[in-house]
Amino acid sequence: MRLPIAVGRKEALWFGVSGVLLAGLIYLADVDEFLSSIGHADPRLFAVAVVVGFSSLLVWALVWHRFFRRMAIDATASLTLRMFLTGHFLNSITPLGQFGGEPIMAYIVSDNTDTDYETTLACVISADIVNATPFFTFTLGGLLYLAVFGALQGLLVDIAVISVLIVLAGGLVAYLLWSKNGALGDTATRILDAIERRLGRAESLFQSLKERIYRVEDAFQEAGSDPRFLVTTAAVSHLAIIAQIVSLYFVFRSIGIEPEFVPLYLIVNLSVIATLSPTPGGSGTYEVAFSALVTLFYPVGLATALTAAVLFRLTTYWPGILVGYAALLT
């Protein structure tokens, strides 16, 4: 398989936007103070943070493997890990990759396992839905905690609204994909029928497309047909967020911030909203949001908060890119 990677003008533009956002944040934080804060980080504690943070990727790969086994896709644990890391790499370097990387990832799986594309697409999207679930269950849990104690105000209210909307939309999509009511397939075929009538030709092409739609629909229904499997797999996926919380604990320890569970919990989960920006992997916008949350929960300067943001990304985001590129080469 050859999967060329080209960075065009649009991709370069978004990388540039990411760089400008991060550079502006460093400037506001004071460059000398930021570099000093980075230089004083304890390398041993930071190394522990890197190992723990990277383990979250292993958990997400395990979720993939569970779906592969359920759908009878012949893939060893090692192959699953390499395919997941390759897909993660492509998502991380592509603007808006988190919104549309699944078709490419499904192609990678199909090509490496000799499985039909419809099945691998259903597996990859279903696994990614389950892997995204913990971010929002944890986020809503944290926001509920703040609401109970009367601390839900300002920026946190906006985050709460966005989170609820995303959960509702994601829940609806998951239900339509996994349920047996056939609503999505019927809607898609009706659209194709309307286009076919308008064109008045290519009947065989449209028939082929409709057959593929129903095969994809059947694959999704099979992937989501066992509620117990979905619940247990989602429970496994929650371990990834716990790993990130522990990783941030060691990042804070490495730069002299006294970690407390509630702020750690909220910072990790609330900042994930910023990854939904158009920049690759949410770069730039994530560091801005993360730094703002750190200053919200801790009496530290912007330079220290930015240091925490950069170091945390070095435990969860950048290692995945490096290892993912190596996986792509295999």
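For the structure itself, consult the block above.
Note that the coordinates shown come from a computational prediction; the quantities given were computed from them, not determined experimentally. By convention here, each chain's residues receive numbers from 1 onward along its written sequence. Owing to the predicted nature of the model, reporting of local features is limited to residues with pLDDT of at least 70; listing and counting of side-chain atom pairs is limited to 80 or more, with chain, interface and lining totals taken over all residues. The side-chain values count all of the structure's non-hydrogen atoms but skip hydrogen atoms and water molecules.

(A) Representation of the overall build of the chain in the model. Helix and strand definitions here come from DSSP, where helices need a minimum of 4 consecutive H or I residues and strands a minimum of 2 consecutive E residues; each element is numbered from the N-terminal end. Scanning the chain from N- to C-terminus turns up 15 helices and zero strands. Under the scheme applied here, a residue whose accessible area is under 20% of the maximum for its type counts as buried, over 50% as exposed, and between as partly exposed, the area being computed with a 1.4 Å probe on protein chains only. Looking at the 330 residues of the chain, the share that counts as buried comes to 48%. Working rule for contacts: check all heavy atoms of both residues, and any pair within 4.5 Å makes them a contact. Long-range pairs, those at least 24 residues apart, make up 73% of the contacts in the chain between residues at least 6 apart in sequence. Reported accessibility uses the Shrake-Rupley method at a 1.4 Å probe radius. Residues are deemed covered only where the shown protein chains occlude them. By element, 66% of the accessible surface of the chain is carried by carbon and sulfur atoms, the whole surface being about 16300 Å².

(B) A look at the packing of helix H7 (residues 117–148) against helix H11 (residues 227–254). Orientation is described by lines fitted to C-alpha atoms, with helices fitted over the stretch in contact, and by angles between N-to-C directions that extend from 0 to 180 degrees. Where H7 contacts H11, the axes come no closer than 8 Å and their chain directions differ by 60°. Put simply, H7 runs oblique to H11. Considering only the axes of H7 and H11, their crossing is right-handed. When H7 is examined against H11, the residues Val130, Asn131, Pro134, Phe135, Thr137 and Phe138 are found in contact with a partner set consisting of Thr233, Ala234, Ser237, His238, Ile241, Ile242 and Gln244. Ten residues, namely Ala, Val, Leu, Ile, Met, Phe, Trp, Tyr, Cys and Pro, are considered nonpolar, four, namely Asp, Glu, Lys and Arg, are considered charged, and the remaining ones, Gly among them, are considered polar. Of the residues in the contact of H7 with H11, the class split is seven nonpolar, six polar and no charged. For this classification, under 35 degrees means roughly parallel, over 145 means roughly antiparallel, 65 to 115 means roughly perpendicular, and everything else is oblique. Helix crossings fall into two classes, left-handed where the near helix is turned counterclockwise from the far one by less than a right angle and right-handed where it is turned clockwise.

(C) Structural context of helix H13 (residues 285–297). A helix is expected to span 1.5 Å for every residue after the first. With 13 residues, H13 extends 19 Å between its outermost C-alpha atoms, agreeing within 8% with the 18 Å of an ideal straight helix rising 1.5 Å per residue. Listed as buried for H13 are Tyr286, Glu287, Phe290, Ser291, Leu293 and Val294. Buried residues in H13, looked at end-on, bunch into an arc of 160°, giving them a common side. An arc is given here, and it is the one of the directions from the helix axis to the C-beta atoms.

(D) The side chain of threonine 315, seen in detail. Checked against the element boundaries, threonine 315 lands in helix H14 (residues 302–316). The class of threonine 315 is buried, set by a relative accessible area of 0%. Contacts of threonine 315, omitting those with residues within four sequence positions, involve Phe46, Ala49, Val50, Gly53, Phe54, Ser247 and Val251.

(E) Examining a nonpolar patch on the surface more closely. Residues Leu144, Tyr145, Val148 and Phe149 make up a contiguous nonpolar surface patch of roughly 460 Å² in combined accessible area. Mapped onto the fold, tyrosine 145 is located in helix H7. Note on tyrosine 145: relative accessible area 38%, which makes it partly exposed. To count toward a patch, a residue needs a relative accessible area above 30% and no salt bridge. Like charges then connect within 9 Å, nonpolar side chains (Val, Leu, Ile, Met, Phe, Trp, Tyr) within 5 Å. Salt bridge, as applied in this entry: a Lys or Arg side-chain nitrogen positioned within 4 Å of an Asp or Glu carboxyl oxygen.

(F) The pattern of salt bridges, seen in detail. Summed over the entire model, instances satisfying the criterion amount to five salt bridges. In this structure, the salt-bridge partner of glutamate 222 is arginine 70, at a minimum N-O distance of 3.9 Å. Of this pair, glutamate 222 sits in helix H10 (residues 203–223) while arginine 70 sits in helix H3 (residues 43–70), placing them 152 residues apart in sequence. Classification of arginine 70 as partly exposed rests on a relative accessible area of 25%. The salt bridge involving glutamate 287 is made with arginine 313; its shortest N-O contact spans 3.1 Å. Taken together, the residues glutamate 287 in helix H13 and arginine 313 in helix H14 connect sequence positions 26 residues apart. Several salt bridges share partner residues, and in doing so they unite Glu118, Arg212 and Arg215 into one network.

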